[in-house]
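Residue-level structural notes
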Amino acid sequence: MIFVKILILILVFGSSFSIGKLIAGKYINRVKELKEMKSALNIFETKIKFTYESVPEIFEQIGNQMEGNIGSVFKESSKKMKDVSAGEAWIQSIEKTESNLNKEDKEILKKLGKLLGRIDADGQISEIELVSNFLDTQIDIAENERNKNEKMYKTLGGIIGLTLVIIFI
């Protein structure tokens, strides 16, 4: 009987601690995804400058190079560009793809879609640079939030788990 009780207490503590780590992981993944998006936009800018490939082709290549949610955004955009405009495909993909980006991050990225494929290469490069600068700011904010909240949620999960264990004893 004591063995079962100890096992249940360990499971309660482990579950609580895991939930804290899961919440903290969202902050870590947001920073990672913002940096990946900035990297992908740099690739996009370079390909526009030096190749004559179409936007759907470039997006497909970037989608294949990038992993995770950011790669999915580019792959999804590339597929949708067969049916709708490049800008509309980009906006729909940002909205549809599940990621750790917050609403403000997504709004900044959607701004790129308003002119995507509608202006010349120099205009698109300027727009990419503008969005990239906004992403730098968002990365700084996300890193500050991560530094502040990551340890807190991990610790809070452990403390709540320990509290529940003590209460159940």
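Side note on helix α5 (residues 103-115)
Looking at α5, one finds that the buried residues are Asp105, Lys106, Ile108, Leu109, Lys110, Leu112 and Gly113. Each element contacted by the buried residues of α5 is listed here: α1 (2-50), α4 (86-96) and α6 (121-168). Where α5 begins, one side-chain oxygen reaches toward the backbone nitrogen of Glu104, 3.1 Å away; that side chain belongs to Asn102.

A closer look at the packing of aromatic side chains
For the coordinates displayed, the defined rule picks out six aromatic pairs. Ring pairs connect the aromatic residues Phe44, Phe59, Phe74 and Trp90, which therefore count as one cluster. The ring of Phe134 has Lys111 lying over it, and the distance from NZ or CZ to the ring centre is 5.3 Å.

A look at the pattern of salt bridges
Under the definition given, this model contains 11 salt bridges. For Glu150, the salt bridge is made with Lys154, and the minimal N-O distance between the two is 3.4 Å. Note that Glu150 and Lys154 are positioned in helix α6 at a spacing of four residues, about one turn of the helix. Residue Lys154 is classed as partly exposed on the basis of its relative accessible area of 29%. One salt-bridge network, held together by shared partners, links Arg30, Asp105 and Glu145.

Here's the deal with the nonpolar core
The biggest cluster of nonpolar side chains holds 31 residues, and the ones touching the most others in it are Met37, Leu41, Phe44, Phe59, Phe74, Trp90 and Leu109. Elements with a minimum of two residues in this core: α1, α2 (55-65), α3 (68-80), α4, α5 and α6. Counting residues per element, this core draws most heavily on α1, at seven residues.

Reading the values: the criteria
- Residues numbered from 1 in each chain as written.
- Predicted model: local features only at pLDDT ≥ 70, side-chain atom pairs only at ≥ 80, totals over all residues.
- Heavy atoms only, no water.
- Buried < 20%, exposed > 50% of the residue type's maximum accessible area, 1.4 Å probe, protein only.
- Helix = DSSP H or I, 4+ residues; strand = E, 2+ residues; numbered from the N terminus.
- Contact = heavy atoms within 4.5 Å.
- Polar contact = N/O pair within 3.5 Å; in protein donor to acceptor, adjacent residues only side chain to side chain.
- Phe/Tyr/Trp six-rings, centres within 6.5 Å; stacked < 30°, edge-to-face > 60°.
- Lys NZ or Arg CZ within 6 Å of the ring centre and 35° of its normal.
- Salt bridge = Lys/Arg side-chain N within 4 Å of Asp/Glu carboxyl O.
- Core = buried A, V, L, I, M, F, W, Y, C linked by side-chain atoms within 4.5 Å.

That's the geometry; what it means functionally is another story.
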